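Commentary on secondary and tertiary structure
One letter stands for each residue in the lines below.
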Amino acid sequence: MDDLRTKYIEAIAAATDEAALEELRLQAVGKKGEVSLKMRELGKMTPEERQVAGPALNALKNEINSALAAKKAALADAALDARLATEWLDVTLPARNRRVGSIHPISQVTEEVTAIFADMGFAVAEGPQIETDWYNFDALNIPGHHPARAEMDTFYTHRAEGDERPPHVLRTHTSPVQIRTMEKTGAPIRIICPGRVYRADYDQTHTPMFHQVEGLALGKDISMANLKWVLEEFFTAFFGTEVKTRFRASHFPFTEPSAEVDIQCSWENGTVKVGEGDDWLEVLGSGMVHPKVLEAGGIDPQKYQGFAFGIGIDRLAMLKYGIPDLRAFFDSDLRWLRHYGFASLDQPTLHGGLNR
Ligand code: DAH
């Protein structure tokens, strides 16, 4: 019995997995195991022998069963320890650096422009980028034969063959939103319309898609003087420095009188600085809304009048943030975006300071 004990206790201690343990269990205490066979021999013994051998065999059986159970638990513990060791995670490690995106200068400037005009009581209006011929041209007093149509390098959509209606266009300016707003709300009106516009043109200062912001203010007594104040107020807030403007007589079909507006600037080694110097830079078109345009929008020109203007947003962004090439705005070059983009939580705002 001592031999049996030594044999199995040592073998159990040396087992390395559950399968080996099960094998040992069968060999020792299974139905045909060595200990069980010995127990069967008890019947052939004398009662005296049995009284000694019986309890001893039982004790051996219990001892082996306990050793098996203990070893099984130890193996399970070891397996768990091994797993925990490989799956160990140091939650105190600093997080891995992750590049966050940035706010595109066009989005930034659109926000700035919107904030400044909102502060002067202008709401934001929007219109479709695929526009009808009527809203983009006719309603703005640009009839079919008008040279402005040809000058605008318009993108036309296709009509089905045999469909004689004029094709839709990709809007060439944000001015059609003037008409849409007049129709929707009637006068008085005080809105800006920022958005994408399209013209078939491509070089250092032109891209086929670019951005404008239209302004429209209609009321009973709105004049050119209000236009000048609003624009000077805008440029001064936008550039963070007092900006003088120069109004030059011009012509647009949708305004009468019309003016192109220049802002004061200086040129030094090929770079412009706004708000200083003796040079002038043309930045927008404007004027008093033409009576025909008011009529097209369903507004009585005998009762209401007002001003309108259109500014290039991309141009404003280039001027304010010193961006030399317009085309880079739309290249999606990550290095450019990281350099000129704005951190989303660190955007200049009207209340936080636009010009930091
Ligand atoms: N729509 C003109 C353009 O795209 C810009 C413009 C000029 C808008 C004069 C106006 C305006 O509202 O009064 O070139």
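Predicted, not measured: the structure shown is a model, and the values here were computed from it. (Residues numbered from 1 in each chain as written. Predicted model: local features only at pLDDT ≥ 70, side-chain atom pairs only at ≥ 80, totals over all residues. Heavy atoms only, no water.)

This part takes up the pairing of strand β5 (residues 209–219). By the criterion of burial, β5 is predominantly enclosed, with 11 of the 11 residues buried. A two-sided burial pattern is seen for β5, the buried positions comprising Met 209, His 211, Val 213, Gly 215, Ala 217 and Gly 219 on one face and Phe 210, Gln 212, Glu 214, Leu 216 and Leu 218 on the other. Direction of pairing for strand β4 (residues 189–198) relative to β5: antiparallel, over a ladder of 10 bridges. Within the sheet, the bridge partner assigned to Pro 194 lies in β5 and is Val 213. Summarising the sheet, β5 and strand β10 (residues 305–312) pair through eight bridges and their orientation is antiparallel. (Buried < 20%, exposed > 50% of the residue type's maximum accessible area, 1.4 Å probe, protein only. Helix = DSSP H or I, 4+ residues; strand = E, 2+ residues; numbered from the N terminus. Pairing = 2+ DSSP bridges.)

The subject of this paragraph is the UniProt feature "binding site: Mg(2+)" (unreviewed entry) in the protein chain. Listed under "binding site: Mg(2+)" (unreviewed entry) in the UniProt record, and renumbered for this structure, are Glu 256. Its place among the elements puts Glu 256 in strand β7 (residues 255–268). The class for Glu 256 is partly exposed, based on a relative accessible area of 48%. (UniProt positions renumbered as here; feature names shortened; annotations may be inferred.)

The next point concerns the packing of helix α1 (residues 2–14) against helix α4 (residues 47–86). Relative to each other, α1 and α4 sit at 5°, their axes nearing to 10 Å. Taken together, α1 and α4 sit at an angle that is classed as roughly parallel. Packed against α1, whose contacting residues are Leu 4, Arg 5, Tyr 8, Ile 9, Ile 12 and Ala 13, the element α4 presents Leu 60, Glu 63, Ile 64, Ala 67, Leu 68 and Lys 71 at the interface. (Axes fitted to C-alpha atoms, helices over the stretch in contact; angles between N-to-C directions. Parallel < 35°, antiparallel > 145°, perpendicular 65-115°, else oblique. Contact = heavy atoms within 4.5 Å.)

Turning our attention to the packing of aromatic side chains. Taken as a whole and judged by the stated rule, the model has 13 aromatic pairs. Centroid distance Phe 235 to Phe 239: 6.4 Å. Interplanar angle 20°. Geometry classified as stacked. One end of the pair, Phe 235, and the other, Phe 239, are both in helix α9 (residues 224–239), four residues apart, so they sit about a helical turn from each other. Phe 239 shares its class with Phe 235; the two are buried. A centroid spacing of 5.0 Å and a plane angle of 45° characterise the contact between Trp 336 and Tyr 340, whose relative ring orientation is tilted. In this pair, Trp 336 and Tyr 340 both sit in helix α12 (residues 334–340), four residues apart, roughly one turn of the helix. Tyr 340 matches Trp 336 in its accessibility class, with the two residues each being buried. Above the face of the Tyr 135 ring, Arg 180 is positioned so that its terminal group lies 4.0 Å from the ring centre. One Lys or Arg, Lys 320, reaches over the ring of Phe 238 and ends 4.5 Å from the middle of that ring. (Phe/Tyr/Trp six-rings, centres within 6.5 Å; stacked < 30°, edge-to-face > 60°. Lys NZ or Arg CZ within 6 Å of the ring centre and 35° of its normal.)

Among the 10 residues of β4, eight are classified as buried, and the element is accordingly described as predominantly covered. The sheet contact formed by strand β1 (residues 123–124) and β4 spans two bridges and is parallel. Paired with Ala 123 across the bridge in β4 is Ile 191.

The next point concerns the side chain of His 290. One can find His 290 in the loop between β9 (279–289) and α10 (291–296). Of the residues examined, His 290 reaches a relative accessible area of 18% and is grouped as buried. Here Lys 292 takes part through its backbone nitrogen, which lies 3.0 Å from a polar atom of the side chain of His 290. What His 290 contacts, discounting residues up to four positions off in sequence, is Asn 141, Pro 253, Phe 254, Thr 255 and Glu 256. (Polar contact = N/O pair within 3.5 Å; in protein donor to acceptor, adjacent residues only side chain to side chain.)

When the parts of a complex come together, some accessible area is lost, and that lost area is often used as the size of the interface. With domains assigned, the protein chain is organised as domain 1 (2–86) and domain 2 (105–340). Distance between the C-alpha centres of domain 1 and domain 2: 93 Å. (Domains from an automatic or database assignment.)

This brings us to the nonpolar core. Among the nonpolar cores identified, the biggest contains 43 residues, and Phe 117, Phe 234, Phe 235, Phe 239, Ile 263, Phe 307 and Leu 316 are the most heavily contacted of them. Breaking this core down by element, the ones donating at least two residues are α5 (105–119), β5, α9, β7, β9, β10, α11 (313–321) and α12. In terms of residue count, the dominant contributor to this core is α9 (seven residues). If we ignore the near neighbours within four places in the chain, the residues touching Ile 263 are Phe 235, Phe 239, Val 243, Lys 244, Thr 245, Val 274, Asp 279, Trp 280, Leu 281, Val 283 and Leu 319. (Core = buried A, V, L, I, M, F, W, Y, C linked by side-chain atoms within 4.5 Å.)

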